[in-house]
Amino acid sequence: MAQPASPRTTSFLAVTGQSHSPCGYCHSNADTSASIGAWAYALTASDYQHLLDRGWRRSGKYLYKPRLSETCCPCYTIRCDVSAFKPTKGQKKVIKKMKAWCSKGKGRVGGLREEADDDEGAGGDGSGSGDKMEQPTRNVPSGPTLRPSLESTERRPKNKPPKQNKSGQQPTDILALIRDAEATTEDVHTHRMKVVLTRADFHEDTFALFCKYQQIIHKDPPEKLTKKKYTHFLVDTPLIPVPGGPRTPGLGSFHQKYYFGDQLAAVAVLDILPGCISSVYLMYDPDYAWLSLGTYSALREVGLAKMLDLPYYYMGYYIHSCSKMRYKANFNPSDLLCPKTYAWVPTSDAMRKLDKNKAPVLSSGSQGVNDELELFRDPTGENVPDHEIEEFRAFHEGVWCQIKVSNAIKNHVSSGFGC
C-alpha cells in the first residue's frame, strides 16, 4: 500500500531569518534557543520530506532549523527504521497495559503517572514558534475518515491467550502486538478502543482536550489557550493534501484520534509523507496518563508506517542534553542526521560522540549540499532580471548563504497572502 506521489505543484516559502527565544527543554529564561526560520505558504509533501532530511521541522506553517553551533540544546533529527523495528521490554509492557485495559478493564482513571519523556510537546520541538503564526488558514479539505487496519474487528474468546509463533514465544511484530492489544473481548469490563485518522481540521472536542492537556501537563494559563492559537499550532498546515484510496489516507497533515468508547482520550498530529510518517505533537487526557499514551501512540505510529509500506518513522528531534528526550533512542534501530554531511548515522554510534561533545559532527565526509535552499524560489518560474532581485540571508550551520528572492515573490506574498 505505497503512498501516491505528490502532485506536481509548486512549494512557496519565504525566509524569516534568525530567531532567538527561551528554551523549552532546559527552561532557560534568556533567549538561548537559536534557529533559522521560514514561512511555508504552500508545501508539497515531497518538498517537506526533503526539508526533514536536511534538519528542518514545522510548527503549523512555520518552518525552523536549529543552529546547532549556537543553540543551548542541540537538536538532531531522529528517525526509526520501521521494517527492522523491534519493541523493547519496556515498550511491550506499555502494550500489555493497554491490552489489560481494553480487554478486561484493568487499570484506573485519574492521577498522573505518565512518563514525562514520552510526549513530543514538552516545550515543543522548536522555540515557541507556534505562537508566531499569524497567517490565514489554507482551505484544506477534511476528506473522509480513515480507520487504519491496525484495528482488529475479530472477537477473541475470553481468557484465550494470543497466538504464539512457531518457537512458542509471544509475537514481536509491532502490528501483531497492537492488533492483539486492541482486540475486542466478551469481558463485561472491556473498554472498546477506537482509533480514527482524519485530515487535520478544527473540532471542538479536540480543542477541549488540548486545553485540558496544556493546563494540567504544561501548566499553561487558560486565558492563553485560545482557538486561534490552537488552530495556528496544530490545525494549520502548509502541506498540499494528496487524496488517498480505500485503504490509504493519502499525503498531508492528519489527526489520529484515540477513543475509549465515546470518550476522546488522545490526539496525535501527524504528517504522512512519501517516505515516512512524521510525528508533530501529541495531546492526551491526563486522566489516562497512567496508560503511557505518549509511548503507546508512538508505537502505533510505527505500526501505521509499516502498514502503509513507509520505511521510516520520524520522531522529531533527539536532544542528548535533555534527559526527557532520550527515550527516542529506545525506538531501535534508529539514526541521527549529521548536520554537516546530511548522512544518517546509527544512534548508538552518534551517542558516543554526543557524550564527548555538545554539538559534534556525526559523520566524516564532504560537506552536504545545501540544496534545500532551492525551495525558496520564484513560483511563477519566470526569469527575473538581476536588478529586480533582492537577497535574503539564511544561516546554514555557520555559513551565510545568499537566497535570491524576486520582487515577483514579494508582491505575490503581499497581495495573495497578506503578510
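Scroll up to find the structure.
What this report covers is the structure whose coordinates are included nearby. (Residues numbered from 1 in each chain as written. Predicted model: local features only at pLDDT ≥ 70, side-chain atom pairs only at ≥ 80, totals over all residues. Heavy atoms only, no water.)

1. Some thoughts on the packing of helix H4 (residues 204-217) against helix H5 (residues 227-235)
Item 1. Packing of H4 against H5 brings their axes to within 11 Å, and their N-to-C directions diverge by 95°. Relative to H5, the element H4 is oriented roughly perpendicular. Two secondary-structure elements touch here, H4 through Glu204, Thr206, Phe207 and Phe210 and H5 through Lys227, Tyr230, Phe233 and Leu234.
Item 2. Of the residues assigned to the contact of H4 with H5, the class counts are five nonpolar, one polar and two charged. (Axes fitted to C-alpha atoms, helices over the stretch in contact; angles between N-to-C directions. Helix = DSSP H or I, 4+ residues; strand = E, 2+ residues; numbered from the N terminus. Parallel < 35°, antiparallel > 145°, perpendicular 65-115°, else oblique. Contact = heavy atoms within 4.5 Å. Nonpolar A, V, L, I, M, F, W, Y, C, P; charged D, E, K, R; others polar.)

2. Points about the sheet that holds strand E5 (residues 76-81)
Either a parallel or an antiparallel arrangement is found when strands of a sheet pair, and the pairing is made through backbone hydrogen bonds.
Item 1. Strand order in the open sheet made by the eight strands is E8-E9-E10-E11-E12-E5-E13-E14, with mixed pairing throughout. With one partner strand each, in any of the chains shown, strand E8 (193-199) and strand E14 (344-346) form the two edges of the open sheet. Direction aside, the axes of adjacent strands within the sheet are offset by 30° on average.
Item 2. Relative to E14, strand E13 (residues 334-337) is paired through three bridges, and the arrangement is antiparallel. Paired with Leu337 across the bridge in E14 is Trp344.
Item 3. The strands touched by helix H1 (residues 45-52) are E5, strand E10 (263-273), strand E11 (276-284), strand E12 (312-318) and E13; relative to E10, the strand with the most contacts, the crossing angle is about 90°. (Pairing = 2+ DSSP bridges.)

3. Re the side chain of Asp236
Item 1. Mapped onto the secondary structure, Asp236 falls in the loop between H5 and strand E9 (252-260).
Item 2. Here Asp236 sits buried without a salt bridge, and the closest side chain of opposite charge, Lys61, lies 5.2 Å off (N-O distance).
Item 3. At 3.0 Å, the side chain of Asp236 forms a polar contact with the side chain of His232. (Buried < 20%, exposed > 50% of the residue type's maximum accessible area, 1.4 Å probe, protein only. Lys, Arg positive; Asp, Glu negative; His and termini not counted. Salt bridge = Lys/Arg side-chain N within 4 Å of Asp/Glu carboxyl O. Polar contact = N/O pair within 3.5 Å; in protein donor to acceptor, adjacent residues only side chain to side chain.)

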